[in-house]
Amino acid sequence: MFDKIRNKVLGLFSESGYWWSRVAHAKKLPEVSASDRSIINGLKKEGAYITSLEELGLSSTPFLLQASRKCLQLMTAAGWSVQTEPQICTVTDMLEFSSWGKENRLLKIAENYLGLPVKFQGVHLRRDFPSSKQCGIQRWHWDIEDRRVVKIIVYLNDVDEKTGPFEYIPRNLTSGWSWRRWQITRAAKRPGVFGIADEELTSIIPKSAWRKCIGPAGTVIFVDTASVLHHGTLRTKERSALFFVYTAAIPKRPEECEQYSDLTYQRPDRLVAEPIVNICKPTV
Ligand SMILES: O=C(O)CCC(=O)C(=O)O
Ligand SMILES: [Fe+2]
């Protein structure tokens, strides 16, 4: 009982510190162009914004794509026996990926949205395989690394309904205090059960409100995965994608951010020399 009260009080202190920091930082937010402002507004209003590598027009993109192709070849050559789980590699300390992730424009977009100094946590390269049963991050969930998390998902192959697109619920449908929000939170936080299955969510939010992000190779999704309910969908075709992660410089749960730069997931160029079995650790 005492622990519960103490944790509540500490939680309140931490939340008010967070809001004060945002107020103090509001005047220091960097300027962005009108097109980048649309991305920030999309994140604020909808929780997500879809664009493309071409539209972003970053000079480091050709290097990113070339390195992604090479790494995917290495991942394919190394093989992956657990097809029910994604093959994940951490590519954060490879220059082609970190240079793209640390592009000034992207950092400024993330900082404006987060409202605080930003930290680029890292990037995962992922191959997701055909699956027919929703498990892990294919169940609906919120990510928990921080109060707000900007993820930039880059599709490396064409993604249609069959390729298991990223899917989310627009933020206005789950934000604030509502019966719907209470039902979802209760379902999402059941002890020992990760996330919510499609059938369960349909009874709370109709399928017509779910947003599937389909698009050709090079599609880029900016999304706050801590604020919008989301998941990866079932697929009959393989999908490859990059997941860049940004949080506040002092995130709420730093330990959850380590997976983007530590050895939880192997680097692609070390896969063949030192194969390890990746741990299926959902990014929640
Ligand atoms: O596989 C997907 O599309 C969803 C991944 C996910 O849940 C995340 O990146 O936070
Ligand atoms: Fe997630």
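This section reports on the structure supplied with the text. (Residues numbered from 1 in each chain as written. Chains lettered and ligands numbered in written order. Predicted model: local features only at pLDDT ≥ 70, side-chain atom pairs only at ≥ 80, totals over all residues. Heavy atoms only, no water.)

**What to know about helix 2 (residues 34–45)**
For helix 2, spanning 12 residues, the distance from its first C-alpha to its last is 16 Å, which sits close to the expected 16 Å at 1.5 Å a residue. Here helix 2 has its buried residues at Asp36, Ile39, Ile40, Gly42 and Leu43. Along the axis of helix 2, the buried positions cluster into a sector of 155°, meaning they face one direction only. Turned more than 90 degrees off the buried face of helix 2, the exposed positions are Ala34 and Lys45. Where helix 2 is buried, its residues touch strand 1 (48–52), helix 3 (53–56), helix 6 (104–114) and strand 7 (219–224). Once helix 2 ends, the next one or two residues include Gly47, with phi positive near 95°. (Helix = DSSP H or I, 4+ residues; strand = E, 2+ residues; numbered from the N terminus. Expected span 1.5 Å × (residues − 1). Buried < 20%, exposed > 50% of the residue type's maximum accessible area, 1.4 Å probe, protein only. Arc of directions from axis to C-beta. Contact = heavy atoms within 4.5 Å.)

**With respect to the sheet that holds strand 9 (residues 239–248)**
One open sheet accounts for six strands, arranged 1-7-4-9-3-2; its pairing is antiparallel. Each edge of the open sheet is held by one strand with a lone partner, namely strand 1 and strand 2 (87–90). Within the sheet, the average angular offset between the axes of one strand and its neighbour, ignoring direction, is 20°. One ladder, built from 10 bridges, connects strand 3 (residues 118–128) with strand 9; its direction is antiparallel. Of the residues in strand 9, the one forming a bridge with Phe120 is Tyr246. In the packing of helix 2 onto the sheet, contacts are made with strand 1 and strand 7, and the angle to strand 1 comes to roughly 145°. Where helix 4 (residues 61–78) meets the sheet, its contacts fall on strand 2, strand 3 and strand 9, and the angle it forms with strand 3 comes to roughly 45°. (Pairing = 2+ DSSP bridges. Axes fitted to C-alpha atoms, helices over the stretch in contact; angles between N-to-C directions.)

**With respect to the coordination of the iron ion (ligand 2)**
Bound to the iron ion (ligand 2) on the protein side are His141 (NE2), Asp143 (OD) and His230 (NE2), at distances that span 2.1 to 2.3 Å. According to the relative accessible area criterion, Asp143 is buried, its value standing at 3%. Given a relative accessible area of 4%, His230 falls into the buried group. (Donors = N, O, S within 2.8 Å, 3.2 Å for Na, K, Ca; no water.)

**Some thoughts on the pattern of salt bridges**
Summed over all chains, the structure comprises 15 salt bridges. In this structure, the salt-bridge partner of Lys212 is Glu167, at a minimum N-O distance of 3.8 Å. Taken together, the positions of Lys212 in strand 6 (residues 211–213) and Glu167 in strand 5 (residues 166–168) put the pair 45 residues apart, joining distant regions of the chain. Notably, a salt bridge pairs Arg267 with Asp269, separated by 2.6 Å at the nearest N-O pair. Taking the relative accessible area as the measure of exposure, Arg267 reaches 16% and is therefore buried. With relative accessibility at 38%, the residue Asp269 sits in the partly exposed group. Each of the salt bridges in this network shares a partner with another, and the network as a whole consists of Glu15, Asp146, Arg147 and Lys252. (Salt bridge = Lys/Arg side-chain N within 4 Å of Asp/Glu carboxyl O.)

**Concerning helix 1 (residues 2–25)**
A rise of 1.5 Å per residue sets the reference length of helix 1, with its 24 residues, at 34 Å; its end C-alpha atoms lie 35 Å apart and thus fit the reference within 8%. Within the span of helix 1, buried status applies to Tyr18, Arg22 and His25. Here the buried face of helix 1 lies against helix 6.

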